[in-house]
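For reference, the chains in residue letters:
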Amino acid sequence: MKNIRSIRLTALALLALFSAAPALRAQNNAATPQAWLVFRPWRFIGDWWYAERVFSPDGTFKTIGNDKETGTWTVATATVTLTFADGHRDIMSLPINPAGTDGVDKDGKHFTAIIGKQPPLGSSSSLGGASSLGGASLLDNPKSKPAHSGLDALGPSAADQKKNAPTIAALTSAPWKFIGQAWSEVRTFDANGTFTTPDKPEQHGTWEITGDRLLLHFANGNTDTLTLPLDPKATDGTDSHGVPTIAFI
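Since this is a predicted model, take the numbers as computed values, not measurements. (Residues numbered from 1 in each chain as written. Predicted model: local features only at pLDDT ≥ 70, side-chain atom pairs only at ≥ 80, totals over all residues. Heavy atoms only, no water.)

Moving on to the sheet that holds strand 3 (residues 60-63). Hydrogen bonds along the backbone pair up the strands of a sheet, which may run parallel or antiparallel. Spatially, the 8 strands close up into a barrel ordered 1-2-3-4-5-6-7-8, and their pairing is antiparallel. Neighbour-to-neighbour, the strand axes of the sheet open up by a mean angle of 30°, direction not taken into account. Bridging between strand 2 (residues 50-55) and strand 3 involves 3 bridges; their strand directions are antiparallel. Bridge pairing in strand 3 links Arg53 to Thr63. (Pairing = 2+ DSSP bridges. Helix = DSSP H or I, 4+ residues; strand = E, 2+ residues; numbered from the N terminus. Axes fitted to C-alpha atoms, helices over the stretch in contact; angles between N-to-C directions.)

Right, here's the structure in full:
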């Protein structure tokens with residue numbers, strides 16, 4: 001009887017060990033640069049440019065919203081090299097830090113790459129063109145939208161005011177830097193629901209909170225978005241064309 005019980009316990013122990021093996025292997029593999037890169041989309045932040053890139057296990061990558069910025073990636077002892085279709089290269093330093101990996105672009109300028117959210121804002125089935133979040137389904141016709149202020153978006157209820165108070169506090173606490181595909185601007189937000197761009201006075205308008213989005217309605221009819229909740233270190237968004245952007249204090 002004891003032998004039978006011992007055999008059963010041994011069998012159960014072996015079963016548990018083999019069942020846990022895939023999880024243990026996954027945990028160990030997650031530490032490799034390859035596993036980190038393909039785990040989620042990555043956000044690349046330069047001084048005046050921003051890009052969201054998706055890495056595939058086959059050694060290729062795509063840039064969301066920009067079909068021209070595709071290429072291959074390789075891992076060496078101390079670097080990850082991104083070789084673009086036009087021949088230029090960007091370099092990421094190892095080890096990979098999902099909270100902030102240093103890199104150098106083709107011009108020798110520093111950039112930071114941080115792991116993105118899942119699913120990536122601005123993604124689409126083709127990883128190019130207008131985003132499913134920032135395209136017609138979200139923006140409809142921006143020029144036909146009435147201008148809404150942040151205060152109007154709060155609604156009359158005290159519950160809405162309480163819910164949106166942290167967003168408004170963060171938004172108005174300091175100027176926010178916005179970086180897009182090939183541009184960067186600093187914008188200032190007022191609690192009355194308006195915003196300005198000090199270096200470009202023509203880029204002003206109103207903002208509103210709607211669902212899990214903050215919408216920026218420009219005076220020229222364009223609408224940009226930010227995803228809520230706001231993260232002062234890195235908040236995802238899209239421009240009026242659905243191309244990914246990032247904003248931070």
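Let us look at the sheet that holds strand 10 (residues 184-189). Pairing within the closed barrel is antiparallel, and its 8 strands lie in the order 9-10-11-12-13-14-15-16. Here the strands of the sheet are splayed against their neighbours by 30° on average, with no regard to which way each runs. One ladder, built from 3 bridges, connects strand 9 (residues 176-179) with strand 16 (residues 244-248); its direction is antiparallel. If you follow Lys177 over to strand 16, its bridge partner there is Phe248.

All right, on to the confidence of the model for the chain then. Fine structural detail should not be taken from predicted coordinates in areas where pLDDT scores are low. For the chain, the mean per-residue pLDDT works out to 78, and 71% of the residues sit at or above 70. Model confidence for the chain, summarised as mean pLDDT per element, is weakest for helix 3 (residues 136-139) at 30 and strongest for strand 5 (residues 79-84) at 97. Throughout residues 1-29 the model reports pLDDT below 50, and contacts reaching past four residues in sequence, or to other chains, amount to 1 contact. Below a pLDDT of 50 lies the segment residues 119-156, which in the model reaches 80 contacts outside its immediate sequence neighbourhood of four places, other chains included. (pLDDT = per-residue confidence, 0-100. Contact = heavy atoms within 4.5 Å.)

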